[in-house]
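# Residue-level structure breakdown
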Amino acid sequence: MEGIVSQRIGAKHLGFGAEVKSDRDRQLGELLAQVEPADLLRFGLIPEFIGRLPVVATLDELDEEALVRILCEPKNALVKQYQKLFDMERVNLKFTDGALVAVAKEALKRKTGARGLRSILENAMLDVMYDIPSQDRVKEVVVNDDVILQGTQPIIVYDCAESA
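This structure is a prediction, so every number in the text was calculated from the model and none was measured.

Phi is positive for Arg90, close to 60 degrees, though the residue is something other than glycine. Relative to the elements of secondary structure, Arg90 occurs in the loop between helix H7 (78–87) and strand E1 (92–95). For Arg137, which is not glycine, the phi torsion reads 65 degrees and is therefore positive. Positionally, Arg137 belongs in the loop between helix H9 (117–131) and strand E2 (138–143). Given the relative accessible area of 54%, Arg137 is considered exposed.

Below, the structure written as structure tokens:
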């Protein structure tokens, strides 16, 4: 009988070989996922309010990959918005993969999540957005990771018209 029970339960379910983490090593999302109504009561919320919360749901923090996807994939993604702005000036805007990863890493470092992506891009693109309309023959602007991390100017590619 004991052999059957130990086979069905398994050693990991009993705690043997389990990965033990302290509260400091856990991410905030992991800790908040374990919140119970009694915890909210001890935190100071009144019972009438807690009773009106049918479900306590938590969200995990976004990782670097998710932030890069937020920059590129949605219909109104920030990268697409900036490309559209540059299209109005007949300039092609390109972001390197390194630049997108750098923006995501900067947002993680600042702990601003997806809301901080716009301000990071805005800081990097501000000067070039004001300079491009006054310049002639600009064909393309390339934003790489140095623009995001070190504040350098984006690479500007000019259209060389042949003289007759």
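Once you've had a look at it, read on.
Another point: the nonpolar core. In terms of nonpolar packing, the biggest core is built from 27 residues, with Phe95 and Ile148 touching the most fellow members. Among residues more than four places away in sequence, those in contact with Ile148 are Ala99, Ala102, Val103, Ile120, Leu121, Ala124 and Val143.

This brings us to the pattern of salt bridges. Taken as a whole and assessed by the stated rule, the structure comprises five salt bridges. Across the pair Asp39 and Arg42 runs a salt bridge whose closest N-O atoms are separated by 3.1 Å. Of this pair, Asp39 and Arg42 both sit in helix H4 (residues 37–43), three residues apart, which is roughly one turn of the helix. Classification of Asp39 as partly exposed rests on a relative accessible area of 29%. Measuring nitrogen to oxygen at the nearest pair gives 3.2 Å for the salt bridge that ties Glu73 to Arg69. By relative accessible area, Glu73 is classed as partly exposed at 47%. Residue classification places Arg69 among the partly exposed positions, given a relative accessible area of 46%. Residues joined in a network through salt bridges with shared partners are Glu106, Lys109 and Arg110.

Quick notes on the rules
Residues numbered from 1 in each chain as written. Predicted model: local features only at pLDDT ≥ 70, side-chain atom pairs only at ≥ 80, totals over all residues. Heavy atoms only, no water. Helix = DSSP H or I, 4+ residues; strand = E, 2+ residues; numbered from the N terminus. Buried < 20%, exposed > 50% of the residue type's maximum accessible area, 1.4 Å probe, protein only. Core = buried A, V, L, I, M, F, W, Y, C linked by side-chain atoms within 4.5 Å. Contact = heavy atoms within 4.5 Å. Salt bridge = Lys/Arg side-chain N within 4 Å of Asp/Glu carboxyl O.

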